[in-house]
Amino acid sequence: MKENSSIQVSGAVAEAARELIAPPRRRVRLASVRVSPGGYLAVGSLLTFAALLLLRVEQDMLALIALILAWLITPLLAFTDYISFDGHSLSRKGLVALFLRLIARHTHDLKLEEIERVETDAVRTLRRGGRVRYRYRSEVIGQGMSFVFASGGGSYRRMVQTLFRLIPDEKLDARSGELRDYLTDPASLRITLGQLRLASSSVLEGATGDLLPSRKGRIKHQRIASADGETSAVDIERGLLLRRAANELRAAGRLREAAEAFRRSLLVLPRDAALIYEFARFLRSQASALSDARLLARSRAGLRLSAQRAAEDATLLARIGESFFEFGEMDYATRLFRRALEVNPHAYRAQVGLAEVALRDGKLAHVIHHYGDSARIASDAALARYAQREADYYARLNDDDEYLAAELRRMNWLQHLYRARRLASRLTIGSVLLSLIGPFIDDSVAAAGWALASTSIIAWIIIALAIRALGQRK
């Protein structure tokens, strides 16, 4: 009996040991998004142009190969190239990633805790009435690696909602944080708008007129209150729902409806500093879309009002300071960053903001000091590593005159190369049009167009390679 029990115990121990030493199960992919296709479009265009040139010199076989590479192989590589997130790390998948792993023998995986910062840019692609179509481009950076992906469907929303919510707020810029909180799918947005009964875009033109901050920084409104003069809990809840809807509409580019939602939300919550900050950023988006300097000035006024009412919110103060930094108001940004640090001495983004202000002013000693402080108060190793790397870089610039001269030469060359690349791009477009129109005018005109196009494309390729080589710090 004892032998049987001991055998059972031994079997249980062995089974537990096998479970402990067993290889981990394959991680489930939580989100994936295709790599931005800009590079593939450039390669496909270059190969197509090369095929046309080869046809002109009667190299039909080489031209066919170039066309196959341009219209079959390149789209296949682009279609299979995507970025995957499994809850633990970002990795690049597809044929290109497989080829790079075979050549470099290194897996380009970025663990979640190694992410240093996330930056998102927005580009307006189309404006019609009260709607603007935005294309977002997000870049996740860490450990010398960079993962870039752009909006264009549900896969981008899933990646943002899955990945960004697991990244600390200190690593996200303002737009990345807004997309994390408010980027939603059109179906959910329609349901929300139906529940809130917002008017359509066609009847909302000029809806922000009675809510823009005045010159004294006050928002003109009529506060909704109950019979005893206090805002009811139901109205507050509706105001919060309207605030969320306003930000979701802004992220979707539906600016007129966003303006109406902000208007109604501010009627209920006129002293909410975070809401006023979001409304000020909305005004800036609207000013950029409409090219309206008046809205831009009132956006600044809204930010000042939000700063006055932010009180002890260090995170909000730092975000407002970053917005003033984008406006170029360095003095006001500095005051807000210092206020945030007074409220919370461990406000990482405020310290980084002070470093960026000092860099704009050319005060390298202050830059080194603030980045050093940022490294000391960082909440994790990735943030500390980034801040310390910046502090070491600027310390070397400050101490080593030869290194400073070399870096200045590199930056000057980069500026010249960027201008040269723009010129080469314009020459390429113009010369291709000339080569296509040339046969209707004269064969010599077409020949000159092809020659100029070939030269400008070769120059563009060389310049692009030079920019890539000089873009990294030495």
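Residues numbered from 1 in each chain as written. Predicted model: local features only at pLDDT ≥ 70, side-chain atom pairs only at ≥ 80, totals over all residues. Heavy atoms only, no water.

## Some remarks on the sheet that holds strand β3 (residues 89–93)
No. 1: One open sheet accounts for four strands, arranged β1-β2-β3-β4; its pairing is antiparallel. Edge positions in the sheet fall to β1 (31–34) and β4 (109–111), since each has one partner strand and no second. Taking each pair of neighbouring strands and ignoring which way they run, the sheet shows an average axis angle of 20°.
No. 2: Most of the contacts of helix α5 (residues 154–163) go to β1, to which it runs at about 135°, and overall it touches β1, β2 (82–85) and β3. (Pairing = 2+ DSSP bridges. Helix = DSSP H or I, 4+ residues; strand = E, 2+ residues; numbered from the N terminus. Axes fitted to C-alpha atoms, helices over the stretch in contact; angles between N-to-C directions. Contact = heavy atoms within 4.5 Å.)

## Overview of the environment of Lys 171
No. 1: Along the chain, Lys 171 falls in the loop between α5 and α6 (174–182).
No. 2: Taking the C-alpha atoms as reference points, Lys 171 and Tyr 348, 177 residues apart in sequence, are found 9.5 Å from one another.
No. 3: For Lys 171, the residues in contact, after removing those within four places along its chain, are Leu 112, Glu 113, Ile 115, Glu 116, Arg 117, Val 118, Arg 349, Asp 380, Ala 382 and Leu 383.

## Structural notes on the confidence of the model for the protein
No. 1: For the protein, per-residue confidence averages 85 on the pLDDT scale, and residues scoring 70 or more make up 86% of the total.
No. 2: Across residues 1–14 the pLDDT falls below 50, and counting only partners more than four positions away or on other chains, this stretch makes zero contacts in the model.
No. 3: Here residues 206–228 scores under 50 on pLDDT; set against residues more than four positions off or in separate chains, the count is 48 contacts. (pLDDT = per-residue confidence, 0-100.)

## Regarding a positive patch on the surface
No. 1: Side chains of Arg 419, Arg 421, Arg 422 and Arg 426 sit close together on the surface and give a patch of like positive charge.
No. 2: Looking at the element boundaries, Arg 422 is found in helix α17 (residues 401–441). (Patch = residues over 30% accessible without salt bridge, like charges linked within 9 Å, V, L, I, M, F, W, Y side chains within 5 Å. Areas by Shrake-Rupley, 256 points an atom, 1.4 Å probe, with all protein chains shown as cover. Salt bridge = Lys/Arg side-chain N within 4 Å of Asp/Glu carboxyl O. Lys, Arg positive; Asp, Glu negative; His and termini not counted. Charge placed at Lys NZ, Arg CZ, Asp CG, Glu CD.)

## Things to note about the packing of aromatic side chains
No. 1: Across all of its chains, the model carries ten aromatic pairs by this definition.
No. 2: An angle of 35° between the planes, with centres 5.7 Å apart, marks the rings of Phe 49 and Trp 450 as tilted. In this pair, Phe 49 sits in helix α2 (residues 38–56) while Trp 450 sits in helix α18 (residues 443–470), placing the two residues 401 residues apart along the sequence.
No. 3: In this structure an aromatic cluster arises from ring pairing among Tyr 371, Tyr 393, Tyr 394 and Tyr 403.
No. 4: In this arrangement the basic side chain of Arg 396 is found over the ring face of Tyr 403, its NZ or CZ atom lying 4.0 Å from the centre. (Phe/Tyr/Trp six-rings, centres within 6.5 Å; stacked < 30°, edge-to-face > 60°. Lys NZ or Arg CZ within 6 Å of the ring centre and 35° of its normal.)

## Quick look at the pairing of strand β7 (residues 145–150)
No. 1: For β7, a buried count of five out of six residues is recorded, marking the element as mostly surrounded by other parts of the structure.
No. 2: Counting the residues that bridge the hairpin from strand β6 (residues 131–142) to β7 gives two residues, and of these Gln 143 lies at a positive phi of roughly 55°. (Buried < 20%, exposed > 50% of the residue type's maximum accessible area, 1.4 Å probe, protein only.)

## Details of the pairing of β1
Remark: a regular strand shows side chains that alternate across the two faces of the sheet.
No. 1: Of the two faces of β1, only one is covered, namely that formed by Ala 31 and Val 33; the face formed by Ser 32 and Arg 34 stays uncovered.
No. 2: Two strands pair when backbone bridges link them, and β1 and β2 are joined in this way by four bridges, in the antiparallel orientation. Directly across from Ala 31, in β2, lies its bridge partner Phe 85.

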